[in-house]
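A structural walkthrough
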Amino acid sequence: MFENLSDKLQRVFKNLRGEGKLTSENMDVALREIRVALLEADVHFKVVKQFIESVRTQAMGEEVLTALSPTQQVVKIVKEELVKILGTSHVRLRTASEPPTVVMIVGLQGSGKTTSTGKLAKLLSKEGFRPLLVSVDVYRPAARKQLSVLAHSIGIPIYEGPAEDAAQPVALARGARREAHQAGRDLILVDTAGRLHIDEELMRELGELKTLLNPSEILFVADAMTGQDAVKSADEFHKQLGITGVILTKMDGDARGGAALSIRQVTGQPLKYVGVGEKVDALEAFHPERVASRILGMGDVLSFIEKVESAIDRQDAEKMQRKLIENDFTLEDFRDQLKQVRKLGSLESLLGMMPQVGILKDLKNVKTDEKELTRVVAIIDSMTASERDNHMIINGARRRRIAKGSGTTVQDVNQLLKQYTQARKMMKSFTGGLPGHLGKRLSKMKLPSLENLLRG
Amino acid sequence: MSLLDRLKAGIQKTRAGLVSSIEDVISGRKEIDAELLDELEYSLITADIGVRTAADILESIRQRVDRHLVGDASEIRALIRQHLLDVLQASDQPPRRAAEPPTVIMVVGVNGAGKTTTVGKLAYRLRDQGHGVLLCAADTFRAAAIEQLEVWAERNSVDIIRQKSGADPSAVVFDSLQAARARRADYVLVDTAGRLHTKDNLMAELEKMRRTAARVVPDAPHEVLLVLDATTGQNGLEQARRFTESSGVTGIVLTKLDGTAKGGVVVAITRELGLPIRYIGVGEQIDDLLPFEPEKFIESLFEN
């Protein structure tokens, strides 16, 4: 894909080490690379221009810190500047002084409004709100049905309205407000139809809804993959409606999300949430640091750490460690461990989150064999409980049965058993030589936190 | 309205953007200088053509200027037009059709690109041409996606094969193709779930659907159309690359061209991957899907 900005700057500054200052000549070359990186990330042309100018002013004449290479220094300046523009981290939802608080979700077609509405309802209900959903998208076929299916799946009430209102956005909105009052809901999330910012009639409809509902928040949903047009649509929505925040969707792909910078710059409104997956809980608070790293193509270590921590149960990990030390590590434990690794997602996507600098750079060329993992899990799944508990009983006949059951060959089963016994043996040599009480003490030691391990 | 008029009307805004800015740049100036080239770069990049492709185009112009082949700023328009046309025509090729019906067309893309709407409009086109069409609701994942396609089936009065939400999409493909053979349908349009191209398991699911289709109808799917939202930026290229790898994309449908987005990334896509653009979506009406014709497309872009 794109060459990393750090790599490019590394080349630019190859000969700079030793010189005392960032000069206008070497900065010019560096700024050109930064410009290309930002344009490739879909930041708008004019926003890039402004940005480059402010970085130039910042960087010019600054002493090269001894601790940092010129590359690191420039990246640091660029990143700090990006974070500054992207805004402070999570800005809380504005609420009405008198409930219910109304939040309108607006945006272009296909940006992810309905999905985001469902996710936001789930997130806010966890924060203690009692949301009521309503879809006023009377245009797209089955759009209201879509929100209704989502609402049922997350167990949050939705106002469906009488059949005669099925084509009346304003009537639906009014009904929802009445319903919220009666049912004591303190938050109404209004999913609106996707529309082009140049569609006067539909933009007028949004204005009417705004007047009627007096929303505390109007959240503009923007697709992270949006290109240069992001400034136009965001600007137009903001001018006509006065948006109060942005939800950036589809950030689980590999788009660099430069649109975030453009939208922020042109509307001045904060980015509030980021959509990171297809599941209903895949909506996160916005972190400017992360998006800045991403725009620069520098990986996202924090997201990686969070992902590891959320997927791996600490208690399980400690239990596993004890088992390893007491040499009580069965095939079943082996499988559980593999499954935990898989929960993190594909190995390649994990590697993609790592910053691609230094030693880690070569990691991106590692071909990870996902199928191998699946095969091993299938083989262990095909064993009986007693076989998993004690691999010694697995004789030729059992091996044939296991191979058949898992769709593999006897050779595959043999290989797995060999790897497993080798691993056990290796662990034994680590702990077995220790006097009994020391081994036991080791097993009670606390695991260093994953975060420290990764940072270390 | 004639086809050309509708095409023009639909991409009026696109035109207004790209053309007017190029016209602005060119009008009232005779000399070609660095400033002019900078402004041209602005027009190309803000059309999402991409910083590399824009640089290539400008480089070829710069070379001609240096060799004194272009003396007048007004010639630049013709040059850019020719360059874009060359790129788009290079990948033009006729669509594949089955020797013996049904022809199977699979529609793929990221979430929210407009796949279901495209399937609905394409069904209308094919019906209008007198073909028997059958829709296959293989998006069993997104809430109410099947219902959305059912509405389109009703509007077009064509058959739809569906299963329960959450069913294996390959199973729906299998059923649909069998039904299409039994009912002697000419075309099967397979609506798939939106997926990000970075999700390996979901991309593998597309491969499986392809294999399943080929088991029922030899050579199926005959066409795999990647639906691309015109607002998409440089990520569009990566999308096209990954979808082509896993599902063998044979053409592009560029949607939402009725907005202000210019969809310039398709130039980079056709240039790098040689994929033809089959249709463009220019509105929300059932007949707002038009065949893409490189010459007419660029003609409309540069017409006054």
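Attention in this report is confined to the structure presented alongside it. Keep in mind that what you see is a predicted model, and the values were worked out from it rather than measured.

We now examine the overall build of chain A. What chain A contains, in helices and strands, is 21 helices and seven strands. Classification of the 456 residues of chain A by burial places 50% in the buried group. Of all intrachain contacts in chain A linking residues separated by at least 6 positions in sequence, the fraction that spans at least 24 positions is 75%. About 21,700 Å² of surface is accessible on chain A, with carbon and sulfur atoms providing 52% of the total.

A few words now on the sheet that holds strand β2 (residues 131-135) of chain A. Strand-to-strand pairing in sheets goes through backbone hydrogen bonds, with the strands running parallel or antiparallel. Residue and element names in this part refer to chain A. What the seven strands build is an open sheet, ordered β2-β3-β1-β4-β5-β6-β7; its pairing is mixed. Whereas interior strands pair on both sides, the edge strands pair on one side only; in this sheet they are β2 and β7 (283-285). Within the sheet, the average angular offset between the axes of one strand and its neighbour, ignoring direction, is 25 degrees. Packed on one face of the sheet, helix α7 (residues 169-183) meets β2 and β3 (187-191) and runs near 165 degrees to β2. Contacting β1 (101-107), β3 and β4 (217-223), helix α8 (residues 200-213) runs over the sheet at an angle of about 170 degrees to β1.

Residue and element names in this part refer to chain B. Packing of helix α3 (residues 34-46) against helix α4 (residues 51-66) leaves a shortest axis separation of 9 Å and a crossing angle of 145 degrees. Crossing geometry of α3 relative to α4 is assigned as right-handed. For the pair α3 and α4, contact is made by Leu37, Leu40, Glu41, Leu44 and Ile45 and by Val51, Ala54, Ile57, Leu58, Ile61 and Arg62, respectively. Tallied by class, residues from the contact of α3 with α4 come to nine nonpolar, no polar and two charged.

Bringing the sheet that holds strand β2 (residues 133-138) of chain B into the picture now. Residue and element names in this part refer to chain B. Strand order in the open sheet formed by eight strands is β3-β2-β4-β1-β5-β6-β7-β8, and the pairing between neighbours is mixed. Strands with a single pairing partner mark the edges of an open sheet, and in this sheet they are β3 (159-161) and β8 (289-291). Neighbour-to-neighbour, the strand axes of the sheet open up by a mean angle of 25 degrees, direction not taken into account. As judged from the six bridges shared by β2 and strand β4 (residues 187-192), these two strands associate in the parallel manner. Within β4, the position partnered with Ala137 by the bridge is Asp191. Here helix α6 (residues 115-128) sits on the sheet and contacts β1 (103-108), β2, β4, β5 (223-229), β6 (251-255), β7 (277-281) and β8; the angle it forms with β4, its principal contact strand, is near 170 degrees. Running over the sheet, helix α10 (residues 235-247) touches β1 and β5 and is turned about 160 degrees from β5.

What follows is about the environment of Glu81(A). All names here are of chain A. Take Glu81: it is sitting in helix α4 (residues 70-86). The class of Glu81 is buried, set by a relative accessible area of 8%. Taking the C-alpha atoms as reference points, Glu81 and Phe51, separated by 30 residues in sequence, lie 8.1 Å from one another. Those residues in contact with Glu81 that sit more than four places away from it in its chain are Phe51, Ser54, Val55 and Gln58.

This paragraph deals with the interface of chain B and chain A. The partner chain A presents 36 residues to the 44 residues of chain B that form the contact. Carbon and sulfur atoms make up 57% of the area that chain B and chain A hide from each other, which totals about 3,400 Å². Looking only at chain B, the three residues that lose the most surface to chain A are Tyr42(B), Val51(B) and Thr260(B), adding up to 14% of its buried area. Our count for the chain B to chain A interface comes out at three salt bridges. Arg35(A) is paired through a salt bridge with Glu41(B); the nearest N and O atoms lie 3.0 Å apart. Connecting chain B to chain A are 19 residue pairs in polar contact (both at pLDDT 80 or more). Among the elements that take part in the side of chain B that touches chain A, helix α7 (residues 145-155) of chain B stands out by supplying five residues, more than any other. Along the lines of polarity and charge, the residues of the side of chain B that touches chain A split into twelve nonpolar, 15 polar and 17 charged.

Definitions and cut-offs
Residues numbered from 1 in each chain as written. Chains lettered and ligands numbered in written order. Predicted model: local features only at pLDDT ≥ 70, side-chain atom pairs only at ≥ 80, totals over all residues. Heavy atoms only, no water. Helix = DSSP H or I, 4+ residues; strand = E, 2+ residues; numbered from the N terminus. Buried < 20%, exposed > 50% of the residue type's maximum accessible area, 1.4 Å probe, protein only. Contact = heavy atoms within 4.5 Å. Areas by Shrake-Rupley, 256 points an atom, 1.4 Å probe, with all protein chains shown as cover. Pairing = 2+ DSSP bridges. Axes fitted to C-alpha atoms, helices over the stretch in contact; angles between N-to-C directions. Left-handed = near helix turned anticlockwise from the far one by under 90°. Nonpolar A, V, L, I, M, F, W, Y, C, P; charged D, E, K, R; others polar. Buried area = accessible area lost by both parts, 1.4 Å probe. Salt bridge = Lys/Arg side-chain N within 4 Å of Asp/Glu carboxyl O. Polar contact = N/O pair within 3.5 Å; in protein donor to acceptor, adjacent residues only side chain to side chain.

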